[in-house]
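# What the coordinates show
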Amino acid sequence: MEKWSLMSISVLLALTVRWAVSLGSYSGAGKPPMYGDYEAQRHWQEITYNLPIRQWYFNTSDNNLLYWGLDYPPLTAYHSFVCAYIAKFINPDWVALHTSRGYESQPHKLFMRTTVFVADLLVYIPAVILYCFSLKETSAKKKASTCALCILLYPGLILIDHGHFQYPLSLGLALWAVLCLSHDWDLLGSVAFCLALNYKQMELYHSLPFFCYLLGKCFKKGLKGKGLVLLAKLAGTVLLSFAACWLPFVTDVEQIMQVLRRLFPIDRGLFEACMFSSPTHCPDKVANIWCSLSVLIKIKNVISPRTQLKLSFAVTFLSLLPACIKLTVQPSLRGFKFALVSCALSFFLFSFQVHEKSILLVSVPVCLVINEIPFMATWFLLVSTFSLLPLLLKDGLLLPYAVTTPAFLAVCLASFSILEKTSAEDLQLKAFSLSLKAYVSWFKSFPRIVRSLFLLSLSLMGALSVLSAAAPPPQRLPDLFPVAVAVVSCLHFLLFLLYFNVLILWDSKNRGQKKIS
């Protein structure tokens, strides 16, 4: 009973923070003509409720795709339809065709915020709670409630979901998939991940670790026996899950092709994460390698869009290949979770059409290992929130950012004593450090060096946050601070990518993992 009481307090605190953030501004509030992501979600409710399914993804007189056209998979559209049905019952003006465009009112804001709360309560938060209760690693001595509190107070997700405005469903479903796989419920896990992927195509960031882990399990069981049976069951489960999600569209090939064109608009170019460079989106300031390199080399001007696509695909593939090979050859839950981080980070840094919010696809897997590497996980989560700063400032979320970020750091310091967890063993680098000690003399000072770098990083992020919020940029360099935030964050992420790949490749023991047979 005590552990449930502590967990209830943690959840209540997390919900209180979410409620407080939701009282503030949201994406594009009062900024016509495009407004922002809040209006995009409302507009999808308008379209899915008033138009037949065959028109949802097509440009028509009633569905102008240049105005927040639906560009997510069918499950997002079905969710929008359910929300629209409830909205129509409360106030038909909220989803009236054409006339509801840009609708803003306090009752409607309350309704929209409530839909996010419900998604959190039904999908994301239960998955976090059950995941924390399921932790069995010998290194995880912290109470489940402490771990859950740190995950649920991660400011990046709170600020985007309950501030900027976004639903946590795809990440929640992906977390349910991880939870199922940790209990060897491989078929249920496959269904959950298929649902996540059919809610948001960005879940492709996590697809290779799921594929490689399950394929590796099949190999371990033997492809002439149990492994072949499992492989057939998994293939059938995936096919049936996709068929169920796409059922209204599969009768017409043109419908399928149009949906796919909307999901993967490669003609927009390497940097265009969205159709518009609207006031609430800043696609050229994403903290990935392409946008950071553009400070020195205008890639858009020297490389054709098709070449950009090929280049980003090649670099992304090569960067995630080592982790995927290791996971396939030596499948383990621990390796699977670290591969989720590494592969998602590779996609974020090197892939095509990345949005700044996509860093959340890396952050949630990092949350899953915060009990194993609390120092590095906390550091990464702070940097990921910092990388969202330009977007948060445009949405008027400076105050929530300034409160939730230090609060999260304080909770992690109190829960995990992270500044005392900087040794090579604490960072899971013991095997790697042993291979380097003969060549690198300064490795004895490793904990002190890591702590110094962490404090320097915090100071730099704090200074840039203050300057971005309070100091006017030079007239000749109006984007100085957003670019600085992106480049600094990108440099951090490159180092984190190296770190997580080292963890994966030097992890020969797979500690605490039960044997796959």
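Per chain, residues are indexed from 1 in the order of the written sequence. Residue-level local features of this predicted model are given only where pLDDT is at least 70; pairs of side-chain atoms are given and counted only at 80 or more, and the full residue set underlies all totals for whole chains, interfaces and linings. Computation of side-chain values: all heavy atoms of the structure, hydrogens and water removed.

With an unreviewed UniProt entry as reference, the protein is termed Alpha-1,3-glucosyltransferase, source organism Sylvia borin. UniProt positions are given in the numbering used here, feature names are shortened, and annotations may be inferred rather than shown by experiment. The record in UniProt for the protein states the following under Subcellular location (unreviewed entry): "Endoplasmic reticulum membrane". The record in UniProt for the protein states the following under Sequence similarities (unreviewed entry): "Belongs to the ALG6/ALG8 glucosyltransferase family."

## Quick word on the pattern of salt bridges
For this document, the term salt bridge refers to a Lys or Arg side-chain nitrogen within 4 Å of an Asp or Glu carboxyl oxygen. A complete count under the given rule lists nine salt bridges for this structure. Across the pair Glu-254 and Arg-261 runs a salt bridge whose closest N-O atoms are separated by 2.7 Å. Remark: exposure states derive from per-residue accessible area (1.4 Å probe, protein chains only) relative to the maximum for the residue type, with buried under 20%, exposed over 50%, and partly exposed in between. Glu-254 sits in the partly exposed class, given a relative accessible area of 39%. Members of the salt-bridge network, linked through shared partners, are Glu-39, Arg-42 and Glu-46.

## Observations regarding the packing of aromatic side chains
A ring pair, where both rings are aromatic, is described by two values, the distance of the centres and the angle of the planes. Ring pairs are drawn from Phe, Tyr and Trp, using the six-membered ring of Trp, whenever the two centres fall within 6.5 Å, and their geometry is named by plane angle: stacked under 30 degrees, edge-to-face over 60, tilted for the rest. Tallying each qualifying case throughout the model produces 25 aromatic pairs. Ring geometry for Tyr-57 versus Phe-249: centroids 5.7 Å apart, planes at 70°, classification edge-to-face. With Tyr-57 in the loop between helix H2 (37–50) and helix H3 (74–90) and Phe-249 in the loop between helix H9 (204–246) and helix H10 (253–263), the pair connects residues that are 192 residues apart, well separated along the chain. The class of Phe-249 is buried, set by a relative accessible area of 0%. Seen from their ring centres, Phe-313 and Phe-317 are 6.2 Å apart, and the 10° between their planes marks the pair as stacked. Going along the chain from the N terminus, every DSSP run of H or I of four or more residues is numbered as a helix, and every run of E of two or more is numbered as a strand.

## Regarding empty space enclosed by the protein
Of the grid points, spaced at 1 Å and generated over the protein atoms alone, those admitting a 1.4 Å probe that cannot get out make up cavities, while open sets with protein on both sides within 12 Å along at least five of seven lines make up pockets; any residue with an atom within 4 Å of a point is treated as lining. Grid points are joined across faces, edges and corners, and a volume is the space filled by probe spheres set on the points. As enumerated under the stated definition, the model contains four cavities of 30 Å³ or more in all. Quantified by volume, the largest cavity comes out at close to 70 Å³. Lining the largest cavity we find Leu-171, Ala-174, Leu-175, Val-178, His-206, Phe-210, Leu-340, Val-364, Pro-365 and Leu-368. Every element with two or more residues in the lining of the largest cavity is listed here: helix H7 (169–182), H9 and helix H15 (360–368). Of the residues forming the lining of the largest cavity, the biggest block, four residues, is contributed by H7. In terms of residue class, the lining of the largest cavity is built from nine nonpolar, one polar and no charged. Where each domain begins and ends follows an automated or database-derived domain assignment. Each of two domains, domain 1 (167–264) and domain 2 (269–507), supplies a minimum of three residues to the lining of the largest cavity. Only Asp, Glu, Lys and Arg are considered charged in this grouping, and only Ala, Val, Leu, Ile, Met, Phe, Trp, Tyr, Cys and Pro are considered nonpolar; every other residue, Gly among them, is considered polar.

## A word on the environment of Thr-422
Positionally, Thr-422 belongs in the loop between helix H18 (398–416) and helix H19 (430–436). Taking relative accessible area as the criterion, Thr-422 reaches 1% and is therefore assigned buried. In sequence terms Thr-422 and Glu-39 are 383 residues apart; their C-alpha atoms lie 44 Å from each other. Leave out the neighbours within four places in its chain, and Thr-422 touches Phe-375, Leu-427, Phe-446, Pro-447, Val-450 and Arg-451. Looking at Thr-422, its side chain comes within polar contact range of the side chain of Arg-451, at 2.9 Å. The contact criterion used throughout is that any non-hydrogen atoms of two residues lie within 4.5 Å. What qualifies as a polar contact is a pair of N or O atoms within 3.5 Å, subject to a donor-acceptor requirement within protein and to the restriction that residues adjacent in sequence count only when both atoms come from side chains.

## Quick word on the packing of H9 against helix H14 (residues 333–350)
One can describe the packing of H9 onto H14 by two numbers: an axis separation of 8 Å at closest approach and a directional angle of 150°. As for how H9 packs across H14, the hand of that crossing is right-handed. Where H9 abuts H14, its residues Leu-204, Tyr-205, His-206, Pro-209, Phe-210 and Tyr-213 lie against Leu-333, Phe-336, Ala-339, Leu-340, Cys-343, Ala-344, Phe-347 and Phe-348. Lines are fitted to the C-alpha atoms to define the axes, a helix being fitted only along its stretch in contact, and any angle between axes, read from their N-to-C directions, falls within 0 to 180 degrees. By convention the crossing between two helices is left-handed if the near helix lies anticlockwise of the far one by an angle smaller than a right angle, and right-handed if it lies clockwise.

## With respect to a nonpolar patch on the surface
There is a patch of nonpolar side chains on the surface, built from Phe-81, Val-82, Tyr-85, Ile-86, Phe-89 and Ile-90 and spanning about 660 Å² of accessible area. Here Ile-90 lies in helix H3. Exposure above 30% relative accessible area and no salt bridge define the residues that can form patches, which grow by joining like charges within 9 Å and nonpolar side chains of Val, Leu, Ile, Met, Phe, Trp and Tyr within 5 Å. Using a 1.4 Å probe, the Shrake-Rupley method yields the accessible areas, and only the shown protein chains count as cover for residues.

## Things to note about the environment of Tyr-57
The class of Tyr-57 is buried, set by a relative accessible area of 0%. Along the primary structure Tyr-57 and Trp-185 are separated by 128 residues, whereas in three dimensions their C-alpha atoms are 35 Å apart. Discounting residues that sit within four places of it in the chain, Tyr-57 has contacts with Asn-63, Leu-65, Leu-70, Tyr-72, Pro-73, Pro-74, Ala-77, Phe-249, Gln-258, Val-259 and Arg-262. A polar side-chain atom of Tyr-57 sits 2.7 Å from the main-chain carbonyl oxygen of Tyr-72. A distance of 3.4 Å separates the side chain of Tyr-57 from the backbone oxygen of Pro-73, its partner in a polar contact.

## A few points about the packing of helix H4 (residues 106–134) against H7
Taken N-terminus to C-terminus, the directions of H4 and H7 make an angle of 30°; their axes are 9 Å apart at the nearest point. Classed by the angle they form, the pair H4 and H7 counts as roughly parallel. In terms of crossing hand, the pair formed by H4 and H7 is left-handed. For the pair H4 and H7, contact is made by Ala-119, Val-123, Tyr-124, Pro-126, Ala-127, Val-128, Leu-130, Tyr-131 and Ser-134 and by Leu-169, Leu-171, Gly-172, Leu-173, Leu-175, Trp-176, Val-178, Leu-179 and Ser-182, respectively. Class assignment for the residues of the contact of H4 with H7 results in 15 nonpolar, three polar and no charged. When describing relative orientation, an angle under 35 degrees is termed roughly parallel and one over 145 degrees roughly antiparallel, while 65 to 115 degrees is termed roughly perpendicular and anything else oblique.

## Considering the nonpolar core
Residues Phe-348 and Phe-493 are the most contacted members of the largest nonpolar core, which totals 120 residues. The greatest single-element share of this core, amounting to 13 residues, is contributed by H14. Counting contributing residues, this core receives three or more from each of domain 1 (167–264) and domain 2 (269–507). Among all residues touching Phe-493, those that are not within four sequence positions of it are Ala-287, Leu-345, Phe-348, Leu-349, Ile-359, Phe-380, Val-383, Ser-384 and Ser-387. Nonpolar cores were defined as sets of buried Ala, Val, Leu, Ile, Met, Phe, Trp, Tyr and Cys residues, with membership established by side-chain atoms within 4.5 Å. Among the nonpolar cores identified, the runner-up in size contains 38 residues, and Tyr-26, Val-123, Ala-174 and Val-259 belong to it.

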